[in-house]
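In case you want the letters, here they are:
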Amino acid sequence: MIGSLADLATEERRSLLDLVEGFTEAQWRAPSLCAGWSVRDVVLHHISYDLLTGRETLQRMVTGRAHPGSSSNDARLAELAGLTTGNIVSALRAHQRPTGLTSGFGCRISLLDGMIHQQDVRRPLNLPRTIPGKRILPALNFALWAPPVRGAVRGRGVRLVADDLDWSFGRGPEVHGSAEALLLAMGGRTVVLDELTGPGLGRFTRNLGALGTR
């Protein structure tokens, strides 16, 4: 199972590379769904921890700087501020298969991070896609308990039901939507709330407001 998840994470990263290879400078500079981050920032963030050496990764784990919080992520972006968009594309091309921190939990970290962040890029640029079901299903399951996402906490008191996939979670009044919209909502992206329906939507909306995003 771990090998197949690594393959799915690699496919997801390859699809991100295919997307950004042809971006214009205006698209790179455009705002993403992540507050304060441009498209460039989001793509660089996703690949940034793969660029660490084994020793650097260990040092960050020892000092706590590998914690997936917004402050450490902003600090990592600052460290790589000198990279051009060409450098970022080259890094993505060279690291198609996740390594280091992003390969954690059988590459679930990279799969989930890459999937949410690709939509952070696509939605503001009006570049929709259909995410393969075999790829989004393990991302949904991991999103429930992955520390940066806390999907089970955000979904407390409601039952989340995907209308386009055999997936549901929780107890309480139901919230329906596409698997993509539910995944992004669990990741704190309130922009998708108008794509969700059901008697539990009010409670779910309040949960998201209490926990915030990123």
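Everything here concerns the structure above.
The following paragraphs examine the structure supplied in this document.

Rules of the game
Numbering of residues begins from 1 in every chain and follows the order in which that chain's sequence is written. Whole-chain, interface and lining totals are the exception, using all residues; otherwise, since this is a predicted model, local features are given only for residues with pLDDT of at least 70 and side-chain atom pairs are given and counted only at 80 or more. Note that water and hydrogens are dropped before the side-chain values are worked out from all heavy atoms of the structure. Runs of E in the DSSP output that reach at least two residues are strands. Runs of H or I that reach at least four are helices, and both are numbered from the N terminus. Relative accessibility decides the category of a residue: with a 1.4 Å probe and only protein chains considered, values under 20% of the type maximum give buried, values over 50% give exposed, and everything between is partly exposed. Values of accessible area rely on a 1.4 Å probe in the Shrake-Rupley scheme; residue burial ignores everything except the protein chains shown. Any two residues whose heavy atoms approach within 4.5 Å at even a single point are treated as in contact. Should DSSP find at least two bridges between two strands, the strands are taken to pair. Think of a nonpolar core as a cluster: buried Ala, Val, Leu, Ile, Met, Phe, Trp, Tyr and Cys residues, connected wherever their side-chain atoms sit within 4.5 Å. Here, a salt bridge means any side-chain nitrogen of Lys or Arg that lies within 4 Å of a carboxyl oxygen of Asp or Glu. Identification of polar contacts relies on pairs of N or O atoms within 3.5 Å, with a donor-acceptor requirement for protein atoms, meaning one able to donate a hydrogen and the other able to accept it, and with residues adjacent in sequence counted only if both atoms are side-chain atoms. In this description, a line fitted to the C-alpha atoms serves as the axis of each element, helices being fitted only across the stretch in contact, and the angle between N-to-C directions of two axes falls anywhere from 0 to 180 degrees. Any angle that falls under 35 degrees is termed roughly parallel, while one over 145 is termed roughly antiparallel, one within 65 to 115 roughly perpendicular, and all others oblique. In this count, Pro and Cys sit with the nonpolar residues alongside Ala, Val, Leu, Ile, Met, Phe, Trp and Tyr, while Asp, Glu, Lys and Arg are called charged and the others, Gly among them, polar.

Remarks on the overall build of the protein
Of the regular secondary structure elements, the protein holds eleven helices and three strands. Looking at the protein as a whole, 50% of its 214 residues qualify as buried. Accessible area of the protein: about 9,800 Å², with a carbon and sulfur share of 56%.

Some words on the side chain of serine 38
Within the secondary structure, serine 38 is located in the loop between helix H2 (25-29) and helix H3 (39-48). Given the relative accessible area of 16%, serine 38 is considered buried. Non-local contacts of serine 38, meaning those with residues more than four positions away in its chain, are made with Trp28, Arg29, Ala30, Pro31 and Ser32.

Considering the pairing of strand S1 (residues 159-162)
Where S1 lies against strand S2 (residues 168-170), three bridges are found, and the strand directions are antiparallel. When the sheet's bridge partners are listed, leucine 160 is paired in S2 with phenylalanine 169. The antiparallel pairing of S1 with S2 creates a hairpin that spans five residues between the two strands.

Brief notes about the nonpolar core
One finds Leu112, Leu183 and Leu196 to be the most contacted residues of the largest nonpolar core, which totals 36 residues. For this core, the secondary-structure elements that each account for two or more residues are helix H1 (2-20), helix H7 (104-122), helix H8 (133-143), S1, helix H10 (179-186) and helix H11 (201-211). With seven residues, the top contributor of residues to this core is H10. Filtering out sequence-adjacent residues up to four positions away, leucine 112 remains in contact with Ala139, Phe142, Ala143, Ala146, Val149 and Leu183. Core analysis: the second largest hydrophobic core is formed by 22 residues, Leu16, Ala30, Val39 and Val42 among them.

Details of the pattern of salt bridges
Per the counting criterion, the structure on display carries eleven salt bridges. With its nearest N and O atoms 2.7 Å apart, the salt bridge here joins arginine 189 to aspartate 120. Here aspartate 120 lies in helix H7 and arginine 189 lies in the loop between H10 and H11, a separation of 69 residues in the sequence. A residue is classified by how much of its surface remains accessible, and arginine 189, at 7% relative accessible area, is buried. Each of Glu11, Glu12, Arg129 and Arg135 takes part in salt bridges that share partners, so that together they form one network.

Points about the side chain of serine 32
Looking at the secondary structure, you find serine 32 in the loop between H2 and H3. Separated by 3.0 Å, the side chain of serine 32 and the backbone nitrogen of cysteine 34 make a polar contact.

With respect to the packing of H3 against H7
Contact geometry for H3 and H7: axes closest at 10 Å, N-to-C directions at 170°. Classified by the angle between their axes, H3 and H7 sit roughly antiparallel to one another. Of the residues in H7, those touching H3 at Val39, Val42, Val43, His45 and His46 are Ser110, Asp113, Gly114, His117, Asp120 and Val121. For the contact of H3 with H7, the residue count by class is four nonpolar, five polar and two charged.

What about the environment of glutamate 11?
With respect to the helices and strands, glutamate 11 occurs in helix H1. Looking at glutamate 11, the relative accessible area reads 25%, which means it is partly exposed. As a C-alpha pair, glutamate 11 and arginine 97 span 86 residues in sequence and 8.5 Å in three-dimensional space. In this structure, glutamate 11 is in contact with Lys134 and Arg135, ignoring residues within four places of it in sequence. Here arginine 135 takes part through its side chain, which lies 3.5 Å from a polar atom of the side chain of glutamate 11.

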